[in-house]
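Structural characterization, general
In case you want the letters, here they are:
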Amino acid sequence: MDGPGLYNYWIVMFLMLAGLYIVVASGNLIKKLVGLNVFQASVFLLYITMGKVDGGTAPIIAEGTTVYSNPLPHVLILTAIVVGVATTALGLALVVRINEAYGSIEEEELEEQEDPS
Amino acid sequence: MILANLPALQIVLPLLAAPLCVLFRREAISYAISLVTSWLSLAVAIALLQSVLASGPISYHFGGWAPPWGIEYRVDEVNAFVLLIVTAIGAVVISYAAPSVAKEVAQPRRYLFYTSYLLCLAGLLGVTITGDAFNVFVFLEISSLSSYILISLGQDRRALTAAYRYLIFGTIGATFYLIGVGLLYQVTGTLNIADLAQRIDPLIGNRTVRVAFVFVVVGVAMKAALFPLHIWLPSAYAYAPSVVTAFLAATATKVSIYVLLRIFLTVFGPEFAFDAYQLGYILMPFAIAAMFVGSAVAIFQLDIKRMLAYSSVAQIGYMVLGISLATSLGVTAGILHLFNHALIKGALFLAMGCVFYRIGSVQLADLAGIGKRMPWTMGAFVAGGLSLIGVPGTVGFISKWYLILAALEKGWWWIAVLILLSSLLAIIYVWRVVEVAYFKEAPEGGVKDDDGKGEAPLVMLVPTWALIVANVYFGLDTRVSVGTALQAAQSLMGAGG
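Residues numbered from 1 in each chain as written. Chains lettered and ligands numbered in written order. Predicted model: local features only at pLDDT ≥ 70, side-chain atom pairs only at ≥ 80, totals over all residues.

1. Quick notes on the overall build of chain A
Note the following rule: Numbering of helices and strands starts at the N terminus; helices are DSSP runs of H or I of at least 4 residues and strands are runs of E of at least 2. Only the C-alpha atoms count toward the radius of gyration. The rule for a globule is 2.2 Å times the residue count to the power 0.38. Burial is judged by counting the other C-beta atoms within 10 Å of a residue's own C-beta: 20 or more makes it buried, 12 or fewer makes it exposed, and any count in between marks it as partly exposed, with every C-beta position built from the backbone. Any pair of residues counts as being in contact when their C-beta atoms, constructed from backbone geometry, are within 7 Å of one another.
Within chain A one finds 4 helices and 0 strands. Put simply, chain A runs from its N terminus to its C terminus through helices and strands in the order α-α-α-α. In terms of C-alpha radius of gyration, chain A reaches 20 Å, well past the compact-globule figure of 13 Å for 117 residues. The buried share of chain A, reckoned over its 117 residues, is 26%. For chain A, restricting intrachain contacts to residue pairs at least 6 apart in sequence, the fraction spanning at least 24 positions comes to 44%.

What follows is the structure in structure tokens.
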């Protein structure tokens, strides 16, 4: 286990935990979505890293190249990115409507309005 | 030609019908499209189940690419059964939907409601039918994204926050699943479920596989609302439009449970999940806690939809309990309850939808005297409630009977006692509704949005009663449900690993 050689994975872990932390700890609905995005981005990086082969190029047959990166995780993560964009868009749309209905996007204030006791 | 492409049609039909609804932008046309598509999907599911029962699993290769390279749709006894449940509930619910949606969803959004419904159906069916682990993620997100929309269409503004909360939870769950699948791919180099199952076998001690297992299971358990990851569920069910609640309660969590079954028993295999990791002992406490906490909290709810939602948490506990017994009979009980609970909860939520249609509320206090005014609706609710409790002659009884049999087979009589005790809790919360509805006088002047009429329209009553009849029918004649569940459980327990 050599740390520096796997630094991409360390970044993945850092982003993953940071993202999750923001989702849990932040009371602002937009910030939560940002945290969710960071969390998802860490997974994108995980997939991209695992597909990369040292010194490999894009999998196109060309003279002089024999080492290729694995394209499959990269393609998969394209799909996941699209899903992530859709989720963010929907989340933001919901936040806009929550703001219209409650006049706030702070979780504490929303809870006060929902349960005024 | 059509027969050979049935597995693809199952997904393609609703997936193509959804954009059609957007193109027409008319409520009536979108409804007609949804109705026809739902019933066609049911026909496809029935044909698939018959073909599977007659001649074994179907493997469908997309674009002619052979697995494990291409994407494979694989239909066996287990998911053919789940497909049937999802499409049947979809068909019944959509037949019921028109008046209820007209009442609860604002006019300009109604065609979008039907679009989202079709997408949700396509997503759930896709999760069920696909034989590719990454494909499961994509379809899971299709169904989840559309169900967030469906929930946010509720009238109450709390529907928005409920949908938002579900979005956060659902996305974390799905991303966990994605991480798990990524790790599995890293170790095995494949995404095809059947291929994965073979390659994981020699890797029992591998740490990456173990971590992947945890990520996948936690991710899907969030979607399945397995206690204690159920927090998103009660609000989402309580504030969503009635039709959505009935549809999601009867299908979405069931499909997640199915995915759990697949992961445990097909991908990792019984030896891996139950023997090497003692998964049964990890799941069982949660399942039992769900049974009691869900039912106990349900007793104190004032909103009946929320009460039924908590009861769903408890019922998911029963399903997982069956699975956690780790025997063929236990898994049979789990799958059986998956089917039966879809019938029970579908019927109960539809009955509540009828009540909401007339009096504009499902608060317990507002239901006073409703039994006299809407005898058929409340009759359906009582029948569904009896089934929920597990009275003989209903499907609820069959589920609990098999669960108890499975527990006794292992010699764990205390589990059987716990099942009976938690059923007693169900009697309490069902009785609370019955008491208010039948033994209290209707209040003067009625509720705010009361339209003063008697029974709900026939369009809504007939589907509700269709589910109740199914409750009784499958409670008396268990050949189809038990037979299929048994076969499904055997193929899962035998084929895995």
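Let's pick the thread back up.
2. Regarding the overall build of chain B
For chain B, the count of helices and strands is 19 helices and 2 strands. Within chain B, contacts between residues at least 6 apart in sequence are counted, and of these 80% link residues at least 24 apart.

3. Topic: the pairing of strand β2 (residues 72-75) of chain B
Residues and elements named next belong to chain B. This is how it is decided: The pairing criterion for strands is at least two bridges between them, as found by DSSP.
Side chains Glu72 and Arg74 of β2 all project onto a buried face; the interleaved residues Tyr73 and Val75 project onto the opposite face, where all are buried too. Bridge analysis of strand β1 (residues 58-61) against β2 gives 4 bridges, and the strand direction is antiparallel. Along β2, the bridge assignment pairs Ser59 with Arg74.

4. Focus on the interface of chain A and chain B
Rules: Polarity classes work like this: nonpolar for Ala, Val, Leu, Ile, Met, Phe, Trp, Tyr, Cys and Pro, charged for Asp, Glu, Lys and Arg, and polar for all others, with Gly in that last group.
Across the boundary between the two partners, chain A contributes 27 residues, which contact 22 residues of chain B. Among the elements of the structure, α2 (29-51), α3 (71-102) and α4 (107-114) of chain A are those that each provide at least two residues to the side of chain A that touches chain B. Looking at the side of chain A that touches chain B residue by residue, the class counts come to 20 nonpolar, 4 polar and 3 charged.

5. Notes on the nonpolar core
Residue and element names in this part refer to chain B. How we decide: What we call a nonpolar core is a set of buried Ala, Val, Leu, Ile, Met, Phe, Trp, Tyr and Cys residues whose membership is set by joining through C-beta atoms within 7 Å.
Counting residues in hydrophobic clusters, the biggest one holds 230 residues, and the most contacted among them are Ile151, Ala163 and Val355. Among the elements that take part in this core, helix α10 (residues 242-276) stands out by supplying 22 residues, more than any other. For Ile151, the contacting residues outside a window of four places in its chain are Ala159, Ala162, Ala163, Tyr166, Ala236, Ala240 and Val244.

6. So, the packing of helix α15 (residues 375-389) of chain B against helix α17 (residues 413-439) of chain B
Axes are the key here: two packed helices are described by the angle between their axes and the distance separating the axes. Residues and elements named next belong to chain B. Applied cut-off: Inter-axis angles, ranging from 0 to 180 degrees, are taken between N-to-C directions of lines fitted to C-alpha atoms, where helices are fitted over the stretch in contact. Angle categories are assigned with fixed cut-offs, so that under 35 degrees is roughly parallel, over 145 is roughly antiparallel, 65 to 115 is roughly perpendicular, and the rest are oblique. Helix crossings get a hand from a simple test, with the near helix turned counterclockwise from the far one by less than a right angle marking a left-handed crossing and a clockwise turn marking a right-handed one.
Where α15 contacts α17, the two axes come as close as 9 Å, and the packing angle between them is 170°. With respect to each other, α15 and α17 are oriented roughly antiparallel. In the packing of α15 onto α17, the handedness of the crossing is left-handed. Mapping the contact onto sequence places Met378, Phe381, Val382, Gly385, Leu388 and Ile389 in α15 and Ser423, Ala426, Ile427, Val430, Val433, Val434 and Ala437 in α17. Within the contact of α15 with α17, the residues separate by chemical class into 11 nonpolar, 2 polar and no charged.

7. A look at α15(B)
All names here are of chain B. Using the following cut-off: By this rule the span expected of a helix is its residue count minus one, scaled by 1.5 Å.
If you check α15, its first and last C-alpha atoms are 21 Å apart, about what 15 residues at 1.5 Å a residue would give, namely 21 Å. Among the residues making up α15, those that are buried are Thr377, Met378, Ala380, Phe381, Ala383, Gly384, Gly385, Leu386, Ser387, Leu388 and Ile389. Against α12 (304-324), α13 (328-359), α14 (370-373), α16 (395-409), α17 and α18 (458-476) lie the buried residues of α15. Of the residues trailing α15, Gly390 is marked for its positive phi of about 105°.

8. Things to note about helix α5 (residues 133-152) of chain B
Because the α-helix completes a turn every 3.6 residues, residues three or four places apart line up on one side. End to end, α5(B) covers 29 Å across 20 residues, agreeing with the expected 28 Å (1.5 Å per residue, within 8%). With 20 of its 20 residues buried, α5(B) lies for the most part within the structure.

9. Details of the environment of A:Glu109
Residue and element names in this part refer to chain A. With respect to the element layout, Glu109 can be found in helix α4. By C-beta crowding, Glu109 is classed as partly exposed, having 13 other C-beta atoms within 10 Å. Sequence separation between Glu109 and Gly27 is 82 residues, and the spatial gap between their C-alpha atoms is 9.5 Å.

10. Structural notes on the environment of B:Val211
Here B:Val211 lies in helix α8 (residues 207-224). For B:Val211 and B:Leu183, which are 28 residues apart along the polypeptide, the C-alpha to C-alpha distance reads 7.9 Å.

11. A word on the environment of B:Thr87
Residue and element names in this part refer to chain B. Structurally, Thr87 can be placed in helix α3 (residues 77-104). In this structure the C-alpha to C-alpha distance between Thr87 and Leu125, which are 38 residues apart in sequence, comes to 8.0 Å. Setting aside residues up to four positions removed in sequence, Thr87 forms contacts with Ser41, Leu42 and Ala45.

12. Remarks on the confidence of the model for chain B
So the rule is basically this: Per-residue confidence from the predictor is reported as pLDDT, which spans 0 to 100.
In the predicted model, chain B carries a mean pLDDT of 87, and 97% of its residues have values of at least 70. Taken together, the chains of this predicted complex give a pTM of 0.91 and an interface ipTM of 0.92.

13. Topic: unusual backbone geometry
Residue and element names in this part refer to chain B. The omega torsion across Phe227 and Pro228 is 0°, close enough to zero to call that bond cis. Tracing the chain through its elements places Pro228 in the loop between α8 and α9 (232-239). Of note, the phi angle at Arg25 is positive, near 55°, even though the residue is not glycine. As for its position among the elements, Arg25 is in the loop between α1 (6-24) and α2 (27-55). Classification of Arg25 as exposed rests on a count of 12 C-beta atoms within 10 Å. A positive phi angle, close to 60°, is found at Ala225, a residue other than glycine. Among the structural elements, Ala225 can be located in the loop between α8 and α9.

14. Re the packing of α9(B) against α12(B)
Residue and element names in this part refer to chain B. Contact geometry of α9 with α12 gives a least axis separation of 8 Å together with a crossing angle of 140°. As for the relative orientation of α9 and α12, their crossing is right-handed in sense. Residue-level inspection shows Leu233, Pro234, Tyr237 and Ala238 of α9 in contact with α12, the latter providing Lys305, Arg306, Ala309, Tyr310, Ser312 and Val313. Its residues placed into classes, the contact of α9 with α12 shows 7 nonpolar, 1 polar and 2 charged.

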